[in-house]
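# Structural features, examined
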Amino acid sequence: QVRLVESGGGLVQPGGSLRLSCAASGTIFRINTVGWYRRAPGKQRELVASSTSSGNINYADSVKGRFTISRDNAKNTMYLQMNSLKPEDTAVYYCNLFAPTIQAVYWGQGTQVTVSS
């Protein structure tokens, strides 16, 4: 059974930084596409960043140059480094894993990120 466990959210002032982590178990992590999504109050869930097993990385335009997605296949863990945070980055952030061999998608439990002074 695939399980994703997130950590690292919290309250931060504008301009600050946070790093989210998502540890995966029950899957061959290195062959999966991983990503981070967020849902802000009153808005639909949106893709923040994604990373394929071949190294292709994509970012939402709103976070380019500020956020960095990374993965450590040896630790079965993905990360989202968030710098220069803005109040509009406030949302619940979810990690996501797509397992291509079984065409299945998995989600973390979500972690709250609040950017406020």
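Residues numbered from 1 in each chain as written. Predicted model: local features only at pLDDT ≥ 70, side-chain atom pairs only at ≥ 80, totals over all residues. Heavy atoms only, no water.

### A closer look at the nonpolar core
One finds Trp 36, Val 48, Phe 67, Leu 80, Met 82 and Tyr 93 to be the most contacted residues of the largest nonpolar core, which totals 27 residues. Counting only elements with at least two residues in this core, the list comes to β3 (18–25), β4 (33–39), β5 (46–51), β7 (67–72), β8 (77–82), β9 (91–99) and β11 (111–115). It is β9 that contributes the most residues to this core, five residues altogether. The residues touching Leu 80, leaving out its near neighbours within four places in the chain, are Leu 18, Arg 19, Leu 20, Trp 36, Val 48, Ala 49, Phe 67, Thr 68, Ile 69 and Tyr 93. (Core = buried A, V, L, I, M, F, W, Y, C linked by side-chain atoms within 4.5 Å. Buried < 20%, exposed > 50% of the residue type's maximum accessible area, 1.4 Å probe, protein only. Helix = DSSP H or I, 4+ residues; strand = E, 2+ residues; numbered from the N terminus. Contact = heavy atoms within 4.5 Å.)

### Focus on the state of the cysteines
All told, the structure shown has one disulfide when counted by the stated rule. Paired by a disulfide, Cys 22 and Cys 95 hold their sulfur atoms 2.1 Å apart. Disulfide Cys 22-Cys 95: the torsion about the S-S bond is 50 degrees, which places it as right-handed. In this pair, Cys 22 sits in strand β3 while Cys 95 sits in strand β9, placing the two residues 73 residues apart along the sequence. Across the pair, Cys 95 and Cys 22 agree in class, each one buried. (Disulfide = S-S within 2.5 Å.)

### Details of the environment of Phe 29
By the secondary structure assignment, Phe 29 is in the loop between β3 and β4. Residue class for Phe 29 comes out buried when judged on its relative accessible area of 1%. Once the C-alpha coordinates of Phe 29 and Asn 73 are considered, the two residues, 44 residues apart in sequence, prove to be 6.2 Å apart. Contact partners of Phe 29, with chain neighbours within four places excluded, come to Ala 24, Val 34, Arg 71, Asp 72, Asn 73, Asn 76, Thr 77, Met 78 and Leu 97.

### Observations regarding the pairing of strand β1 (residues 3–7)
As a general feature of sheets, a regular strand has side chains that alternate between the two faces. Only one face of β1 is buried, namely the one carrying Leu 4 and Glu 6, since none of Arg 3, Val 5 and Ser 7 on the opposite face is buried. Inspection of the sheet shows β1 paired to β3 by five bridges, in the antiparallel sense. Directly across from Leu 4, in β3, lies its bridge partner Ala 24. (Pairing = 2+ DSSP bridges.)

### Side note on the sheet that holds β7
Within a sheet, adjacent strands bond to each other through the backbone by hydrogen bonds, running parallel or antiparallel. Taken together, four strands build an open sheet; the order of strands is β1-β3-β8-β7 and the sheet is antiparallel. Here the strands that pair on one side only, and so sit at the sheet edges, are β1 and β7. Sheet twist, expressed as the average angle between the axes of neighbouring strands with direction ignored, equals 15 degrees. (Axes fitted to C-alpha atoms, helices over the stretch in contact; angles between N-to-C directions.)

### Side note on the packing of aromatic side chains
All told, the structure shown has one aromatic pair when counted by the stated rule. With a centroid separation of 5.0 Å and 70 degrees between ring planes, the pair formed by Tyr 37 and Trp 107 is classed as edge-to-face. Residue Tyr 37 is located in strand β4, and its partner Trp 107 is located in strand β10 (residues 104–107); the two are separated by 70 residues in the primary sequence. A cation over a ring is seen here: Arg 45 above Trp 107, with NZ or CZ 4.0 Å from the ring centre. The ring of Phe 29 has Arg 71 sitting right over it, with the charged end atom 5.1 Å from the ring centre. (Phe/Tyr/Trp six-rings, centres within 6.5 Å; stacked < 30°, edge-to-face > 60°. Lys NZ or Arg CZ within 6 Å of the ring centre and 35° of its normal.)

### Quick look at the pattern of salt bridges
Evaluated as defined, the whole model comprises four salt bridges. One salt bridge connects Asp 89 with Arg 38, and the closest N-O pair in it is separated by 3.0 Å. Taken together, the residues Asp 89 in the loop between β8 and β9 and Arg 38 in strand β4 connect sequence positions 51 residues apart. With respect to burial, Asp 89 and Arg 38 carry one shared label: buried. Lys 64 is paired through a salt bridge with Asp 61; the nearest N and O atoms lie 3.1 Å apart. Its relative accessible area of 65% is what places Asp 61 among the exposed residues. Salt bridges sharing partners connect three or more residues here, namely Arg 38, Glu 46, Arg 66 and Asp 89. (Salt bridge = Lys/Arg side-chain N within 4 Å of Asp/Glu carboxyl O.)

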